[in-house]
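# Examination of the molecular architecture
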Amino acid sequence: MNKVILMGRLTRDPEVRYSQGENATAVARYTLAVDRRFRRDNDQQTADFINCVAFGRSGEFAEKYFHKGIKIVVTGRIQTGSYTNQEGQKVYTTDVVVEEQEFAESKAASDQSSGGFRPAARPEPSAAAGDGFMNIPDGIDEELPFN
């Protein structure tokens, strides 16, 4: 069985490309920083950086909603491969092919951790009436939908 479940933060915005042809398919690539539970004595690295690839609708979803710093959960399978680079050296690859992906925290929590935009605080109600309600001038009662 080849099944992977990861939770981590995106290290950068997904890189999305579309296949050529009549039925163009989205291919999104992103890297997850996944925290390690334990730190080895001489190991300074506390996270692993896992390359993920999402195809089709999952790729389109990643393009639209994922950005650097958000925390997501991914399930998928490990796929290995190799290619020869321009210098003639064989390069081995390991990717997680995404089957499912979802947000692992609320948008507000994600914005705080990634330094994103946060809306301004809601203004306090006017203290003019003293009870939090707006004063309605006399003579306007007839125009209100309730009495």
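In this section: the overall build of the chain. Along the chain, the regular secondary structure elements total 2 helices and 6 strands. Element order for the chain, N to C, with α for helix and β for strand: β-β-β-β-α-β-β-α. Taking all 147 residues of the chain together, 24% fall into the buried category. Taking as baseline every contact in the chain between residues at least 6 positions apart, the subset at least 24 positions apart corresponds to 57%.

The subject of this paragraph is the pairing of strand E4 (residues 47-55). Direction of pairing for strand E3 (residues 26-35) relative to E4: antiparallel, over a ladder of 9 bridges. Of the residues in E4, the one forming a bridge with Leu32 is Ile50. Inspection of the sheet shows E4 paired to strand E6 (residues 90-103) by 2 bridges, in the parallel sense. By the bridge assignment, Val53 is partnered in E6 with Val97.

In this section: the nonpolar core. By size, the foremost hydrophobic cluster in this structure holds 16 residues, and its most contacted members are Leu10, Tyr30, Leu32, Phe66, Ile72 and Val74. For this core, the elements supplying multiple residues, two or more each, are strand E1 (4-10), E3, E4, strand E5 (71-84) and E6. Among the elements that line this core, the one with the most residues is E3, at 4 residues. For Leu10, the residues in contact, after removing those within four places along its chain, are Tyr30, Thr31, Leu32, Phe66, His67, Lys68, Gly69, Ile70 and Ile72.

Across all of its chains, the model carries 5 aromatic pairs by this definition. Seen in terms of ring centroids, Tyr30 and Phe66 are 5.9 Å apart; in terms of plane orientation they differ by 85°. Their pairing is edge-to-face. Of this pair, Tyr30 sits in strand E3 while Phe66 sits in the loop between helix H1 (57-65) and E5, placing them 36 residues apart in sequence. Residue Tyr30 is classed as buried on the basis of its relative accessible area, which comes to 1%. Residue Phe66 is classed as buried on the basis of its relative accessible area of 4%. Taking 5.6 Å as the distance between ring centres and 90° as the angle between the ring planes, the aromatic pair formed by Phe61 and Phe66 counts as edge-to-face. Taking the relative accessible area as the measure of exposure, Phe61 reaches 29% and is therefore partly exposed. Among the aromatic side chains, those forming a connected cluster through ring pairs are Tyr30, Phe61, Tyr65, Phe66 and Phe103.

Among the residues making up H1, those that are buried are Ser58, Gly59 and Ala62. Looking straight down H1, one finds its buried side chains confined to an arc of 100°; they lie on one side. Exposed positions of H1 whose direction lies more than 90 degrees from the buried face are Arg57 and Lys64.

Here is what the cut-offs are and how they apply
- Residues numbered from 1 in each chain as written.
- Predicted model: local features only at pLDDT ≥ 70, side-chain atom pairs only at ≥ 80, totals over all residues.
- Heavy atoms only, no water.
- Helix = DSSP H or I, 4+ residues; strand = E, 2+ residues; numbered from the N terminus.
- Buried < 20%, exposed > 50% of the residue type's maximum accessible area, 1.4 Å probe, protein only.
- Contact = heavy atoms within 4.5 Å.
- Pairing = 2+ DSSP bridges.
- Core = buried A, V, L, I, M, F, W, Y, C linked by side-chain atoms within 4.5 Å.
- Phe/Tyr/Trp six-rings, centres within 6.5 Å; stacked < 30°, edge-to-face > 60°.
- Arc of directions from axis to C-beta.

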